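Understanding the architecture of this molecule
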Amino acid sequence: MSIPSLKLNNGVDIPALGFGVYQTPPDETLAAVESALSVGYRHIDTAAAYGNEKGVGEAIRRSGLDRGEIFVETKVWITDYGYDETLHAFDKSAGKLGVEQLDLLILHQALPSEFERTIDAYKALETLLADGKVRAIGVSNFMPDHLTRLLDATSVVPAVNQIEVHPYFRQSTLLEADADHGILSQAWSPIGGITFYRDGSHGSTLEDATIGAIASSHGKSPAQVMLRWHLQQGRQVIPKSVTPSRIAENFDVFDFELTAEELSEIDALDTGVRGGPEPEVITREKFGIEIPEA
């Protein structure tokens, strides 16, 4: 089946449902992405910091699909921020992925304490966009104030902001800020995986009674209900798995629809508790890792 697409603010189409490879070990990435592409996914989201871009690239090559059929997204890590450094980060990622052009390249985090370096990195993305090396550019984990500072200093509005969004952490204010700027919100951890594999867990969304009841009424799984919640609210989603059955299950979300009441019930589960690191604590000293050349 064909996947519905969403139109980015520069006119580029992105599949509404993608496949993520965060925390996928490099030696399992090839098989996972091959499985996803065979099921029908056509958007793969990776990152320099994940260490698995090579596996993604190899799976794309082995798929037999035309390059133009697959939407490839990756991210620049904070260690490679700065104008020249970020231009080189593109070369590193494109080389590992085995592509000449990226569909979407985004900054992985804001560096609040070194925001000028963040600005310089984004200006490099603007250059890559102007040169046709990327089709769209964006950011990840940027809060409303980060977006304001970025927009004041640059000329291209980010196409996406990839952020933590799931029923236990909806980030409504940030979603509204993205929408106000014409930025597509891309949900990472869309089925709330981070709620049960990180310290300080506040329970599993997969075992939530409200979500379970909605799932039962539709003959679907809790994961499928959560993905449908995102899609009906206009977000792009990138669930991840290395299990073929789960990969297929997460793709099977286009044959049912949640009611307005059900969407509101899921919205009401928001705890306001973030699973990932607080954006303000991101520094090169704490989170810096060297991204290898190849």
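Criteria and thresholds
- Residues numbered from 1 in each chain as written.
- Predicted model: local features only at pLDDT ≥ 70, side-chain atom pairs only at ≥ 80, totals over all residues.
- Heavy atoms only, no water.
- Phe/Tyr/Trp six-rings, centres within 6.5 Å; stacked < 30°, edge-to-face > 60°.
- Buried < 20%, exposed > 50% of the residue type's maximum accessible area, 1.4 Å probe, protein only.
- Lys NZ or Arg CZ within 6 Å of the ring centre and 35° of its normal.
- 1 Å grid on protein atoms, 1.4 Å probe; cavity = no way out; pocket = protein on both sides within 12 Å on 5 of 7 lines; lining within 4 Å.
- Points joined across faces, edges and corners; volume = space filled by probe spheres on them.
- Nonpolar A, V, L, I, M, F, W, Y, C, P; charged D, E, K, R; others polar.
- Helix = DSSP H or I, 4+ residues; strand = E, 2+ residues; numbered from the N terminus.
- Contact = heavy atoms within 4.5 Å.
- Pairing = 2+ DSSP bridges.
- Axes fitted to C-alpha atoms, helices over the stretch in contact; angles between N-to-C directions.
- Arc of directions from axis to C-beta.
- Parallel < 35°, antiparallel > 145°, perpendicular 65-115°, else oblique.
- Salt bridge = Lys/Arg side-chain N within 4 Å of Asp/Glu carboxyl O.
- Patch = residues over 30% accessible without salt bridge, like charges linked within 9 Å, V, L, I, M, F, W, Y side chains within 5 Å.
- Areas by Shrake-Rupley, 256 points an atom, 1.4 Å probe, with all protein chains shown as cover.
- Lys, Arg positive; Asp, Glu negative; His and termini not counted.
- Charge placed at Lys NZ, Arg CZ, Asp CG, Glu CD.
- Right-handed = clockwise from strand over helix to strand, strands pointing away.

1. Some thoughts on the packing of aromatic side chains
- Following the criterion strictly, the structure yields five aromatic pairs and no others.
- A ring pair is formed by Phe-251 and Phe-254, whose centres lie 6.3 Å apart and whose planes are at 80°; its orientation type is edge-to-face.
- Judged by relative accessible area, Phe-251 falls into the buried class, the value being 6%.
- Each member of the aromatic cluster is reached from another via a ring pair, and the members are Phe-19, Tyr-41, Phe-251 and Phe-254.
- In this structure, Arg-149 packs its charged tip against the face of Phe-115, placed 4.1 Å from the ring centre.
- Over the ring of Trp-229 we find Arg-235, and its NZ or CZ is 4.6 Å from the ring centre.

2. Details of empty space enclosed by the protein
- Under the counting rule described, the total for this entry stands at one cavity of 30 Å³ or more.
- Its volume calculated, the largest cavity comes out at about 60 Å³.
- Lining the largest cavity, in full, are Gln-109, Asn-141, Met-143, Ile-163, Glu-164, Gln-171, Trp-188, Arg-274, Gly-276, Pro-277 and Pro-279.
- Here the lining of the largest cavity is composed, by residue class, of five nonpolar, four polar and two charged.

3. Description of the environment of His-218
- By secondary structure assignment, the location of His-218 is in helix H8 (residues 209–218).
- Counting along the chain gives 168 residues from His-218 to Tyr-50, while the straight-line C-alpha distance between them is 35 Å.
- Leaving out residues up to four positions away in the same chain, His-218 has contacts with Phe-256, Glu-257, Leu-258 and Glu-262.

4. Considering the sheet that holds strand S9 (residues 184–188)
- An order of S3-S4-S5-S6-S7-S8-S9-S10 is seen for the eight strands of this open sheet, with the pairing classed as parallel. Each end of this open sheet is capped by a strand with a single partner; those strands are strand S3 (19–20) and strand S10 (236–237).
- Strands strand S5 (71–76) and strand S6 (104–107) of the sheet are contacted by helix H3 (residues 83–97), whose axis makes an angle of about 135° with S5.

5. Description of helix H5 (residues 144–153)
- Those residues of H5 not exposed but buried are His-146, Leu-147 and Leu-150. The buried residues of H5 occupy one face: seen down the axis, they fall within an arc of 100°.
- Residues of H5 that are buried make contact with helix H4 (115–130), strand S7 (137–140), strand S8 (160–164) and helix H6 (172–181).

6. Some points on the packing of H8 against helix H9 (residues 222–232)
- Following both chains from N to C, one finds H8 and H9 inclined at 95°, their axes separated by 8 Å at the closest point. Considering the angle they form, H8 stands roughly perpendicular to H9. Facing H8, whose interface residues are Ile-211, Ile-214 and Ala-215, H9 presents Pro-222, Val-225 and Met-226.
- Looking at side-chain class alone, the contact of H8 with H9 contains six nonpolar, no polar and no charged residues.

7. Focus on the pattern of salt bridges
- Considering all chains together, one arrives at 14 salt bridges under this definition.
- The residue Lys-7 makes a salt bridge to Asp-13 at a minimum N-O spacing of 2.8 Å.
- Classification of Asp-13 as partly exposed rests on a relative accessible area of 38%.
- Note that Glu-249 is salt-bridged to Arg-246, the shortest N-O span being 3.2 Å. With Glu-249 and Arg-246 both in helix H10 (residues 244–251), this residue pair falls three residues apart, about one helical turn.
- By relative accessible area, Glu-249 is classed as buried at 19%.
- Each of Glu-58, Arg-61 and Arg-62 takes part in one network of salt bridges that share partners.

8. Considerations on a negative patch on the surface
- Where like charges cluster on the molecular surface, the negative patch consists of Asp-84, Glu-85, Glu-116 and Asp-120.
- Contributing elements (two or more residues each) for the negative patch: H3 and H4.
- Inspection of the secondary structure assignment puts Glu-116 in helix H4.
- Among the residues examined, Glu-116 registers a relative accessible area of 58% and is labelled exposed.

9. Quick word on the pairing of S8
- Among the five residues of S8, five are classified as buried, and the element is accordingly described as predominantly covered.
- Pairing between S7 and S8: two bridges, direction parallel. Within S8, the position partnered with Ser-140 by the bridge is Gln-162.
- For the crossover that starts at S7, traverses H5 and ends in the parallel S8, the hand is right-handed.
- Pairing of S8 with S9 involves five bridges; the strand directions are parallel.

10. Observations concerning unusual backbone geometry
- Positive phi is not limited to glycine here, since Asn-141 has a value of about 60°.
- Not every positive phi belongs to a glycine, and Ser-189 is a case in point at roughly 55°.
- In this fold, Ser-189 is placed in the loop between S9 and helix H7 (194–197).
- A residue is classified by how much of its surface remains accessible, and Ser-189, at 12% relative accessible area, is buried.

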